[in-house]
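# Understanding the architecture of this molecule
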Amino acid sequence: MDTFLTEEELRHITGRRRYSAQVRALTRMGIGHVVRPDGRPIVTRRSLDMSLSGSAYDRTAEPDFSSLINGTVRP
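What counts and how
Residues numbered from 1 in each chain as written. Predicted model: local features only at pLDDT ≥ 70, side-chain atom pairs only at ≥ 80, totals over all residues. Heavy atoms only, no water. Helix = DSSP H or I, 4+ residues; strand = E, 2+ residues; numbered from the N terminus. Buried < 20%, exposed > 50% of the residue type's maximum accessible area, 1.4 Å probe, protein only. Contact = heavy atoms within 4.5 Å. Areas by Shrake-Rupley, 256 points an atom, 1.4 Å probe, with all protein chains shown as cover. Salt bridge = Lys/Arg side-chain N within 4 Å of Asp/Glu carboxyl O. Axes fitted to C-alpha atoms, helices over the stretch in contact; angles between N-to-C directions. Parallel < 35°, antiparallel > 145°, perpendicular 65-115°, else oblique. Left-handed = near helix turned anticlockwise from the far one by under 90°. Nonpolar A, V, L, I, M, F, W, Y, C, P; charged D, E, K, R; others polar.

## Considerations on the overall build of the chain
The helix and strand tally for the chain stands at four helices and two strands. Reading the helices (α) and strands (β) of the chain from amino to carboxyl end gives α-α-β-β-α-α. Counting only residues that meet the buried cut, the chain has 25% of its 75 residues in that class. At a minimum sequence separation of 6, the contacts of the chain that also span at least 24 residues come to 31%. When the accessible surface of the chain is split by element, carbon and sulfur atoms take 54% of a total near 5,900 Å².

So, in structure tokens, the structure goes:
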């Protein structure tokens, strides 16, 4: 099985044919993807599985850089 979804699978999941519309649909559905220089979205099967199972990571979470900024190390 391929690592990435096919164009047909992307059309089926998003219900859209145009790349820009697919990207918008994937974003709204919370499915992780990257966009190639030609505008085509790329989705891994693992990313889709994680999104459908509800175990996708929180994209809004950020690392705590305060120890680097303050020069302190926390245990």
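Now that the structure has been shown, the text picks up again.
## Considerations on the pattern of salt bridges
Should the charged atoms of two oppositely charged side chains come close, the side chains can pair. What the rule picks out here adds up to three salt bridges. Two residues, glutamate 7 and arginine 40, come together in a salt bridge whose shortest N-O distance is 3.6 Å. With glutamate 7 in helix H1 (residues 7–14) and arginine 40 in the loop between strand E1 (34–35) and strand E2 (41–42), this residue pair connects regions lying 33 residues apart in the sequence. Given the relative accessible area of 34%, glutamate 7 is considered partly exposed. A salt bridge links aspartate 38 to arginine 36, with the nearest nitrogen and oxygen atoms 2.6 Å apart. Residue arginine 36 is classed as partly exposed on the basis of its relative accessible area, which comes to 35%.

## Describing the packing of H1 against helix H2 (residues 19–29)
Packing of H1 against H2 leaves a shortest axis separation of 10 Å and a crossing angle of 55°. Regarding the angle of H1 to H2, the classification is oblique. Our pair here, H1 against H2, has a crossing hand that is left-handed. Judged by residue contacts, Glu7, Leu10, Arg11, Ile13 and Thr14 of H1 engage Tyr19, Gln22, Ala25, Leu26 and Met29 from H2. Counted by class, the contact of H1 with H2 contains six nonpolar, two polar and two charged residues.

## Let's talk about the side chain of arginine 45
You can see arginine 45 is positioned in helix H3 (residues 45–53). Judged by its relative accessible area of 19%, arginine 45 is buried. In this structure arginine 45 touches Met1, Asp2, Thr3, Phe4, Leu5 and Glu9, once residues within four positions along its chain are discounted.

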